[in-house]
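Working through the structure, step by step
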Amino acid sequence: DHTHADTLRTPIVAVLGHVDHGKTSLLDTIRGSAVSEGEAGAITQHIGATDIPLDTISGMAGELIDPSDFDLPGLLFIDTPGHHSFSTLRARGGALADIAVLVVDVNDGFQPQTEEAIDILRRTGTPFVVAANKVDTTPGWNPQDGEPIQRSMDAQSERAKSMLDENLYEIIGQLSDAGFSADLYWRVQDFQKNIGVVPLSALTGEGVPDLLTVLMGLSQRFMKEEMAIDVTGPGEGTVLEVKDERGFGATVDTVVYDGVIRNGDTVVVGGQDEPIVTEIRALLRPRPLAEIRTEKEFEKVGEVAAAAGVKIAAPDLDQAMAGAPVRVVRDRTVDQVVEEVKAELAEIEVETADNGVVVKADTLGSLEAMANALREAEVPILRAEVGDIAPRDIAVAETANQDEHKAILGFNVDLLQNAESDLENADVKLFKNEVIYQLVEDYERYVEEKQR
Ligand code: GTP
Ligand code: MG
């Protein structure tokens, strides 16, 4: 039945896994770009989104897919950072997703963030497949660029094949230890009962046709009921990032996971002080296959239906927070939707004390992760906020009763220019780092030295 194609929701596919196991490279191969090379330290810092249309998928999958078997519009891939300090962001990525790809380096096997990702998938009940990546690093490998994995296997020596097999069975064993019955994907009959493992290489593209085939099959078969939900209702989404865009001012890169967002819609967006009520001036879509995180050319559109990555331009978005909800008001009252957004934000509120340090972070997710790390280290928090370090943060830090608490811990944020002289003149110590545990350690070391 192909009459549904326009109303079926694009499935959201989260790509999860340990740092450096090849998540961004895998997406690069699928979209034919090189985002990974352009990243600072080749580490993904923010969640990204890329829309891959069905014809690209069927083009890559070649003989493995007959596009007329599918009536899904394509897949929306969500790239997530692998570093463990991003656990909360990843949890959102996991929760946001319909299905997931767990990327595991065949040589490294399960690593701490692999376990963490598995926990998230189990908790959220998200169906997933395992991409056993980097098969090309098997000693003696004879690469077969872009080929289905069976054909590639046939081209390998017995020795290379058995070494790869050994690594693959190791991963299958680790999945079983984690409570999931798994097998090589071509042996899996029922993907609801067993996890399929797809050997592949993001570098050479071999096995990528197989992964796309399995993902389309999974989405089509098990997701159809959910995908067919009414995508004409008021749009709901999550802010990935707040960005200044020339000619538009502050905009929010958003993943729309339900309903429709239209130009001119009144929306409520989670803000730093209170929910922002504003009217959409422009909806800007990245081109298909483009990563919204790095895209520079956008197309103005009248509406977008879930699931999609879209940049929203509207007045007053400068106070919006990454990780916060976006809700279209449509036929409800503004107050009703504001309450909804407030309730959702209350769930992720950080506990503060009368005494403690000031914490600033770039997203709600990383702020939450910072708060967790500080709680474990028994460091109290006086104030925790999303955003760059401003003069008032310094003023607040100065009011701390204890000297050791006259400190600001900034994760992935900058010191605003107009706060520089305030900091120089204040008795406040600033710690900045892009790795959460290092930031906490730096602060702990400082306190220790102070007490000596
Ligand atoms: P984070 O975003 O930091 O969590 O890492 P990631 O999982 O996105 O890994 P990324 O794609 O940035 O790849 C890490 C490194 O592994 C890069 O140097 C890649 O070139 C390399 N790499 C990824 N996939 C393959 C592969 O299939 N074969 C080989 N040989 N190298 C790969
Ligand atoms: Mg990455």
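Presented here is an overview of the structure given in this document. (Residues numbered from 1 in each chain as written. Chains lettered and ligands numbered in written order. Predicted model: local features only at pLDDT ≥ 70, side-chain atom pairs only at ≥ 80, totals over all residues.)

1. As for the packing of helix H9 (residues 364-376) against helix H12 (residues 436-451)
Here is the rule we go by: To obtain an axis, a line is fitted to C-alpha atoms, over the contacting stretch when the element is a helix, and the angle between two such axes runs from 0 to 180 degrees between their N-to-C directions. A run of H or I in DSSP counts as a helix once it spans at least four residues, and a run of E counts as a strand once it spans at least two, with each numbered from the N terminus. Oblique is the label for every angle not falling under 35 degrees (roughly parallel), over 145 degrees (roughly antiparallel), or within 65 to 115 degrees (roughly perpendicular). For any pair of crossing helices, the crossing counts as left-handed if the nearer helix is rotated counterclockwise from the farther one by less than a right angle, and right-handed if it is rotated clockwise. Note that contacts rest on C-beta atoms placed from the backbone: two residues are in contact if these are within 7 Å. Each residue gets one label: Ala, Val, Leu, Ile, Met, Phe, Trp, Tyr, Cys and Pro are nonpolar, Asp, Glu, Lys and Arg are charged, and the others, such as Gly, are polar.
Interaxial distance between H9 and H12 falls to 10 Å at its minimum, and their mutual angle equals 40°. Put simply, H9 runs oblique to H12. As for how H9 packs across H12, the hand of that crossing is right-handed. On H12, the residues that touch Ala369, Met370, Ala373 and Leu374 of H9 are Ile436, Tyr437 and Val440. Across the contact of H9 with H12, the residue classes tally to 7 nonpolar, no polar and no charged.

2. Focus on the pairing of strand E2 (residues 48-53)
Every regular strand shows the same layout, with side chains that alternate between the two sheet faces. The cut-off we apply is this: Exposure criterion: with C-beta atoms placed from backbone coordinates, a residue whose C-beta has 20 or more other C-beta atoms within 10 Å is buried, one with 12 or fewer is exposed, and one in between is partly exposed. Strand pairing requires that DSSP identify at least two bridges connecting the strands.
Most of E2 sits inside the fold, with 5 of its 6 residues counted as buried. Pairing analysis gives 6 bridges linking E2 to strand E3 (residues 74-79), with the strands arranged antiparallel. Within the sheet, the bridge partner assigned to proline 53 lies in E3 and is glycine 74.

3. A word on helix H1 (residues 23-31)
Turn by turn, an α-helix covers 3.6 residues, leaving residues three or four places apart pointing in a common direction. For H1, the buried fraction is high: 8 of the 9 residues fall into the buried class. Where H1 is concerned, the buried positions are Lys23, Thr24, Ser25, Leu26, Leu27, Asp28, Thr29 and Ile30. Residue glycine 32 follows H1 closely and has a positive phi angle near 70°.

4. A short note on the pairing of strand E16 (residues 308-313)
Of all 6 residues in E16, 6 are buried, a share of seventy percent or more. Alternating residues of E16 divide into Ala308, Val310 and Ile312 and Gly309, Lys311 and Ala313, and every residue in both groups is buried. Looking at chain direction, strand E9 (residues 249-258) and E16 are connected through 6 bridges and run antiparallel. Across the sheet, valine 255 pairs through a bridge with glycine 309, a residue of E16. In this structure, strand E13 (residues 282-286) lies alongside E16, joined through 3 bridges in antiparallel fashion. Looking at the pairing, leucine 284 lines up with lysine 311 of E16.

5. Focus on the sheet that holds strand E21 (residues 429-433)
Spatial ordering of the open sheet is given by E19-E18-E20-E21, a layout of 4 strands whose pairing is parallel. This sheet does not close on itself; its edge strands, each paired only once, are strand E19 (381-386) and E21. Taking each pair of neighbouring strands and ignoring which way they run, the sheet shows an average axis angle of 15°. Of the strands in this sheet, strand E18 (357-361), E19 and strand E20 (407-411) touch helix H10 (residues 391-398), which is tilted by about 155° from E18. Contacts from H12 reach E20 and E21, with the element oriented near 155° to E21.

6. Description of the environment of glutamine 451
In this fold, glutamine 451 is placed in helix H12. It is 47 Å that separates the C-alpha atoms of glutamine 451 and glutamate 245, two residues lying 206 residues apart in sequence.

7. Describing the sheet that holds strand E12 (residues 276-279)
Within a sheet, neighbouring strands are paired by backbone hydrogen bonds and run either parallel or antiparallel to one another. The strand order E12-E11-E17-E8-E9-E16-E13-E14 describes an open sheet built from 8 strands, whose pairing is antiparallel. Each edge of the open sheet is held by one strand with a lone partner, namely E12 and strand E14 (298-301). Taken pair by pair, the neighbouring strands of this sheet meet at an average axis angle of 35°, ignoring direction. Alignment of strand E8 (residues 236-245) against strand E17 (residues 325-328), held across 3 bridges, turns out to be antiparallel. The residue bridging glycine 237 from the neighbouring strand is valine 326, located in E17. Contacting strand E11 (266-269), E12 and E17, helix H8 (residues 334-346) runs over the sheet at an angle of about 160° to E17.

8. Brief notes about unusual backbone geometry
Going from alanine 306 to alanine 307, the amide bond is cis rather than trans, its omega being -5°. Structurally, alanine 307 is set in the loop between strand E15 (303-305) and E16. Look at aspartate 20: it is not a glycine, yet its phi comes out positive at around 70°. Examined against the element boundaries, aspartate 20 turns out to sit in the loop between strand E1 (12-17) and H1. Judged by the 18 C-beta atoms lying within 10 Å of it, aspartate 20 falls in the partly exposed class. Phi angles above zero are rare outside glycine, and glutamate 378 is one such case at about 55°. As for its position among the elements, glutamate 378 is in the loop between H9 and E19.

9. Remarks on the environment of glutamine 174
Within the secondary structure layout, glutamine 174 lies in helix H6 (residues 158-177). You can call glutamine 174 partly exposed: it has 18 C-beta atoms within 10 Å. Distance from glutamine 174 to glycine 109, taken between C-alpha atoms, is 8.0 Å for residues 65 residues apart in sequence. Those residues within four positions of glutamine 174 in sequence are excluded, and the remaining contacts are Gly109 and Phe110.

10. Quick word on H6
What counts here: For a helix, the expected span equals 1.5 Å multiplied by the number of residues minus one. Each direction from the helix axis to a C-beta atom contributes to the arc, which is the arc of those directions.
Spanning 20 residues, H6 covers 28 Å between terminal C-alpha atoms, matching the ideal 28 Å at 1.5 Å per step. All buried positions along H6 are accounted for by Leu164, Asn167, Leu168, Ile171 and Leu175. Angularly, the buried residues of H6 cover 95° about the axis, an arc narrow enough to put them on a single face. Every exposed residue of H6 that faces more than 90 degrees away from the buried side is listed here: Glu158, Arg159, Ser162, Glu166 and Asp177. At its buried positions, H6 is contacted by strand E4 (99-105), strand E5 (128-133), strand E6 (182-184) and strand E7 (195-199). One or two steps after H6, the chain reaches glycine 179, where phi turns positive at roughly 95°.

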